[in-house]
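# Geometric and topological summary
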Amino acid sequence: MPHSNNSVMGTTLPTISLSHLDELWFQVSGTLCNLTCNHCFISCSPTNNNFGFLSLAAVHASLQQSVTLGVKGYYFTGGEPFLNPEMTAILIATLKYGPATVLTNATVLKQDWIDALVAASRASRYSLEFRVSIDGFDAATNDPIRGAGTFARARAGVQQLVKAGFLPIITATRTWPQGNDRTVLANFIKTLKEAGYDRPRIKLLPALQIGAEIQRSRGYTDAQRVTSEMLDGFDNSQFVCEHARIVTDRGVHVCPILIEEPDSLLGTDLQQATQADYAITHGACLTCYQYGAICSNSSLGLTSGDS
Amino acid sequence: MTTQIALFGGVYSNYLALEAAITDARARGISDLYCLGDLGAFGPFPDRVFPILQRHNVQCIQGNYDDSIGNDLDNCQCGYTAERDNYYANISYLYTQQHTSADNKAFLRQLPRTRIIQVEQTQILLCHGSPRKLNEFLWESTSPDHFLEPFFSQHAVDVIAVTHTGIKWQRQLPSGLFVNVGVLGRPENDGTTNVWYTILEMSGSKTSVEFVPVEYDYQQLAQDMQNEQLPSEFIDTINTGWWTTCLEVLPQKERISGKH
């Protein structure tokens, strides 16, 4: 796996090269979200306009560029992607190129959008995945993090998707002690089955101690970093930056987690950004190192409806 | 001139399906048989597949399971990430590790990771997961054309054959023919008990694909698995044709067509 060590001011920095652009992400709704979750790693909210929407035309230009780079899958995040008025059209366009995954809070979905996406999904040979963020198995555990009433609204959104024939991947950020995973997941499964989702897919994410999460819990200490020694014998494909890039309205960044970091902007287009190595000097890089695959669709927890 | 070859995907210790597939291929007059790796896993009595493969001169390449068993690694390298999937994968792995002889482990160790064969005018790359990675899942619904295309020129081949996912598919691309040959080890998550192998037919510079359903004595296999105290979830899959474990790697399209 490619990695090298850069020396800056006498300090050796662990650096990751992109091996292949497997995942192309889009910050499609910028930092705008209808919710203000208190663990959000980029502090998205109804008033955060630091990053703007991506237009269908802009996404399409990147999709076309991605063909020559051999991209394997496309991911759409925000903010809340479905605040972008072109989101449905963007997903429909993407399914002509490859598999698409959209990360949503499922609280703003409209039935005609879902109907259009069902039709597009059926017409495409590629999978359309919905990842729905819910951070507790009931209102008492979810709403303090995501906002009053959000559990009921997200539950209704999941029901809409399931009724339409999708198997949404419920994504929960671990805001409980890790030792409680099995109990929490069992409760998630029970709740989802009661809501009519009889074979729930659930993905657990570690909390990223950046953005709003710094206030909710704490930030990374200076010592919480990946060192060059830690990469000896390590499978670097566990790092998102080894196989992914993200397009925002500012350019192309190293990964979906670090877009607010000035050094994350690697270029103005994909070609440029795929050639740049990246020094993994941030605290969040340690979480990526520890847990791996945190941005992919694969689960890190108990799933399949069994507890 | 027309030539056929038979390609077997993961055997997963299903010695009964392996014998049935070989019998079927021989009955069609096919002499060249290949296996794309993962000889053990999931099923009972892993040592039983080796004499069958050797007796019929089935040319094998190495799968992730073969690398792990052959080299006594800690896990099967199947590529699962969910705890439940890994729980069952580990049961299967420990059983297979304990019941594979030292000689057969040595056989697994020396298998090539990939192989290019020429049949008629056609160059065919055989690999387990993908041309670039031993345990990469190449599902039909998550493998874009432009992702697959470069592999043909990189390896200078006309056909690429893989397995690993457990579900067969094929796609004709401008640069060549891509085939996932399916597996012999367990049914295809479609509610039927048969398994599948693949015949490639080369005629001049043209290649065609036939996916062949293989009926075998699945009840005997289920009984063997029960006698070996393998998980009831595995036996359910053999008896029903629906996958019960290792589900979380399935993309939406492949998952929705199953039962669990």
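Note that the coordinates shown come from a computational prediction; the quantities given were computed from them, not determined experimentally. (Residues numbered from 1 in each chain as written. Chains lettered and ligands numbered in written order. Predicted model: local features only at pLDDT ≥ 70, side-chain atom pairs only at ≥ 80, totals over all residues. Heavy atoms only, no water.)

## Thoughts on the overall build of chain B
When you go through chain B residue by residue, the secondary structure sums to nine helices and ten strands. Taking 2.2 N^0.38 as the reference for a compact globule, 260 residues should give roughly 18 Å; the C-alpha atoms of chain B span a radius of gyration of 17 Å, in line with that estimate. The principal-axis extents of the C-alpha atoms in chain B amount to approximately 50 × 40 × 35 Å. Classification of the 260 residues of chain B by burial places 62% in the buried group. A separation of at least 24 residues holds for 69% of the contacts in chain B among residues at least 6 apart in sequence. Surface summary for chain B: the accessible area is close to 9,500 Å², and the carbon and sulfur share equals 45%. Computing the positive centroid from 18 side-chain charges and the negative centroid from 30, chain B places the two 2 Å apart. (Helix = DSSP H or I, 4+ residues; strand = E, 2+ residues; numbered from the N terminus. Rg over C-alpha atoms; globule rule 2.2 N^0.38 Å. Buried < 20%, exposed > 50% of the residue type's maximum accessible area, 1.4 Å probe, protein only. Contact = heavy atoms within 4.5 Å. Areas by Shrake-Rupley, 256 points an atom, 1.4 Å probe, with all protein chains shown as cover. Lys, Arg positive; Asp, Glu negative; His and termini not counted. Charge placed at Lys NZ, Arg CZ, Asp CG, Glu CD.)

## Regarding the pattern of salt bridges
Residue and element names in this part refer to chain A. Applying the stated criterion to the full structure yields 18 salt bridges over all chains. In this structure, Arg174 and Asp181 form a salt bridge, with 2.8 Å as the shortest nitrogen-oxygen distance. Residue Arg174 shares its accessibility class with Asp181, and that shared class is buried. We note a salt bridge from Glu194 to Lys190, for which the minimum N-O separation is 3.1 Å. Placement of both Glu194 and Lys190 in helix α6 (residues 181-194) is noted, with a separation of four residues, approximately one turn of the helix. For the pair shown, Glu194 and Lys190 are each scored as exposed. (Salt bridge = Lys/Arg side-chain N within 4 Å of Asp/Glu carboxyl O.)

## Looking at the state of the cysteines
Residues and elements named next belong to chain B. According to the stated counting rule, one finds one disulfide over all chains in the structure shown. Paired through a disulfide, Cys76 and Cys78 show a sulfur-sulfur distance of 2.5 Å. Here the S-S torsion is close to -140°, and the disulfide linking Cys76 with Cys78 is therefore left-handed. What makes Cys76 buried here is its relative accessible area of 5%. Judged by its relative accessible area of 9%, Cys78 falls in the buried class. (Disulfide = S-S within 2.5 Å.)

## Quick word on helix α5 (residues 102-109) of chain B
Residue and element names in this part refer to chain B. Among the residues of α5, those classed as buried are Asn104, Lys105 and Leu108. Mapping the buried residues of α5 onto a view down its axis gives an arc of 105°, with all of them on the same face. Those residues of α5 that are exposed and aimed more than 90 degrees away from the buried face are Ala102 and Asp103. The inward-facing, buried residues of α5 contact α2 (49-55), α3 (64-70) and α4 (83-98). (Arc of directions from axis to C-beta.)

## Quick notes on the environment of B:Phe137
In this fold, B:Phe137 is placed in the loop between β5 (122-126) and α6 (145-155). When its relative accessible area of 14% is taken as the criterion, B:Phe137 is described as buried. Between the C-alpha atom of B:Phe137 and that of B:His164, which follows or precedes it by 27 residues, the distance is 6.4 Å. Ignoring any residue separated from it by four or fewer positions in sequence, one finds B:Phe137 in contact with A:Lys72, B:Cys78, B:Gly79, B:Tyr80, B:His164, B:Thr165 and B:Val249.

## Topic: the sheet that holds β5(B)
Residues and elements named next belong to chain B. Spatial ordering of the open sheet is given by β4-β5-β6-β8-β7, a layout of five strands whose pairing is mixed. Only two strands of the sheet have a single partner each, and these edge strands are β4 (115-119) and β7 (169-173). Across the sheet, the mean angle separating the axes of adjacent strands is 15° when strand polarity is ignored. Helix-sheet contacts for α6 involve β4, β5, β6 (159-162), β7 and β8 (176-180), and the interaxial angle to β7 is about 70°. (Pairing = 2+ DSSP bridges. Axes fitted to C-alpha atoms, helices over the stretch in contact; angles between N-to-C directions.)

## Remarks on the pairing of strand β5 (residues 100-104) of chain A
Residues and elements named next belong to chain A. Across the five residues that make up β5, a large majority, five, are buried. Of the two faces of β5, the one lined by Ala100, Val102 and Thr104 and the one lined by Thr101 and Leu103 are each fully buried. Note: strand β4 (residues 73-77) against β5, three bridges, orientation parallel. Following the sheet pairing, Phe76 is matched in β5 by Val102. Following the backbone out of β4, through helix α2 (residues 87-94) and into the adjacent parallel β5, one traces a crossover that is right-handed. With five bridges connecting them, β5 and strand β6 (residues 128-133) associate as parallel partners. Looking across to β6, one finds that Thr101 is bridged to Glu129. For the segment spanning β5, helix α3 (residues 111-123) and β6, crossover handedness is right-handed. (Right-handed = clockwise from strand over helix to strand, strands pointing away.)

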